[in-house]
Amino acid sequence: MVLLLQSIYALLAAIALAFELVPWTRNAFVKYGRTRDANVDALRLRSTSLCAVLLTRFSSLTVSKNLFSHFYWIGAFSGWLVLLDVAIWLWSGHSTIFSPVSTLESWDLAGHTALGRRSSMVVGLLMYNIHVLLRLKETVCDQPVSSAQMHIGQYAVGMVFYIATPFAMVADAFSKPSWHPVSLWMLATSASLFVYASVHQWRCHHILFDLRRQKLQQTNVQHSNPRSYTLPRGDLFEYVSGPHYFCEILIYISLWIATGCQAQTVLWVLIWTAINLGITARESRTWYSKTFGADPVRKALIPFVW
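A.B. asks: Would you take a moment to explain the side chain of Q154 for this structure?
C.D. replies: If you trace the backbone, Q154 turns up in helix α8 (residues 152-175). By relative accessible area, which is 18% here, Q154 ends up buried. In this structure the side chain of Q154 is engaged in a polar contact, spanning 2.9 Å, whose partner is the backbone nitrogen of H151.

Set out below in structure tokens:
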């Protein structure tokens with residue numbers, strides 16, 4: 001189970017990097033939202049072979065970016081189900097009927113490990129579930145409706161990620177004989193970083209939401225260009241073009257710290273998240289530079305660095 005989960009994240013990261021390196025696949029499959037080329041003809045391959053024709057048609061298969069809420073609905077269901085079963089398992093010593101934990105337990109290579117030593121995994125999983133619930137609340141209640149599109153492959157990747165990640169959060173605690181209890185100071189560091197990143201991500205998301213509402217109001221009242229944009233200002237937007245992506249990476253760093261930095265599967269989740277959002281942040285900064293002009297102070301993802 002652990003190797004399977006790690007392989008999923010490693011494969012996703014490799015595909016994302018490979019697609020980013022090739023201009024056609026970057027335009028067709030990587031970009032989404034405002035950075036995605038709305039002109040499908042511009043994405044056509046020059047070759048007339050059957051493979052090229054099928055790829056071109058596949059590249060045009062998009063869904064609404066509003067379907068991001070599906071990620072958080074399935075993530076919340078999967079995450080809280082796993083958390084409930086883990087809690088029951090820790091309390092009673094056995095998992096419930098049809099429990100997802102039974103799948104992990106059947107792959108357990110550390111059956112002699114005491115339950116108490118594994119209990120720290122609940123903290124990271126609880127933090128992850130809180131994060132998913134916050135994102136679900138934002139997408140359902142706060143985020144204005146968008147006309148932006150994303151490729152159907154990105155939608156599929158998102159669904160796989162949010163189904164698998166709750167299992168990834170606890171898999172190493174079941175499979176590693178050398179799993180050690182996490183110290184209190186590491187849990188405190190993890191929680192502090194998690195709160196800091198969550199608060200700033202919330203603020204940055206709502207800055208974007210407010211700009212989108214203003215754009216929709218102007219479109220309705222003045223019949224202005226519905227695809228006009230305003231440069232976001234405030235909070236971490238003063239330092240990077242994608243502060244919400246930066247905060248997302250910090251959140252997953254905090255989840256890894258919550259495992260005592262000993263969960264390799266969670267590390268792979270972090271690597272995939274950093275690569276995926278790093279690519280997205282780079283595309284966003286390129287788009288901002290073309291639209292509003294280059295900003296020497298505002299970096300792509302990491303303040304003062306990149």
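After that view, the rundown keeps rolling.
A.B. asks: In this structure, what is going on with the confidence of the model for the protein? I would like to understand it.
C.D. replies: Low pLDDT marks stretches whose predicted atomic positions should not be read closely. On average, residues of the protein score 82 in pLDDT, and 79% of them are at 70 or above. Confidence, read as mean pLDDT per element, is least for helix α6 (residues 115-118) in the protein (56) and greatest for helix α10 (residues 243-258) (96). In this model, residues 109-114 is a region of pLDDT below 50 whose contacts with residues beyond four sequence positions or in other chains number 13 contacts.

A.B. asks: When you look at the packing of aromatic side chains in this model, what are you seeing that I'm missing?
C.D. replies: The geometry of an aromatic ring pair is captured by the separation of the ring centres together with the interplanar angle, meaning the angle of the planes. Tallying each qualifying case throughout the model produces 11 aromatic pairs. Considering the side-chain rings of W287 and F292, the 6.1 Å spacing of their centres and the 80 degrees angle between planes classify their relative orientation as edge-to-face. On the basis of relative accessibility, which here comes to 16%, the residue W287 falls in the buried class. Clustering of aromatic rings is evident, with ring pairs tying together Y9, F68, F71, Y72, Y155, F161, Y162 and Y252. Here the guanidinium or amino end of K65 rests over the ring plane of F68, the centre of that ring lying 5.3 Å away.

A.B. asks: What exactly am I supposed to notice about the environment of G278 here?
C.D. replies: Looking at the secondary structure, you find G278 in helix α11 (residues 264-292). In this structure G278 comes out as buried when scored by relative accessible area, which is 10%. Separated by 33 residues in sequence, G278 and Y245 place their C-alpha atoms 7.7 Å apart. Excluding its chain neighbours within four sequence positions, the residues that come into contact with G278 are T273, L301 and W306.

Cut-off values and rules
Residues numbered from 1 in each chain as written. Predicted model: local features only at pLDDT ≥ 70, side-chain atom pairs only at ≥ 80, totals over all residues. Heavy atoms only, no water. Helix = DSSP H or I, 4+ residues; strand = E, 2+ residues; numbered from the N terminus. Buried < 20%, exposed > 50% of the residue type's maximum accessible area, 1.4 Å probe, protein only. Polar contact = N/O pair within 3.5 Å; in protein donor to acceptor, adjacent residues only side chain to side chain. pLDDT = per-residue confidence, 0-100. Contact = heavy atoms within 4.5 Å. Phe/Tyr/Trp six-rings, centres within 6.5 Å; stacked < 30°, edge-to-face > 60°. Lys NZ or Arg CZ within 6 Å of the ring centre and 35° of its normal.

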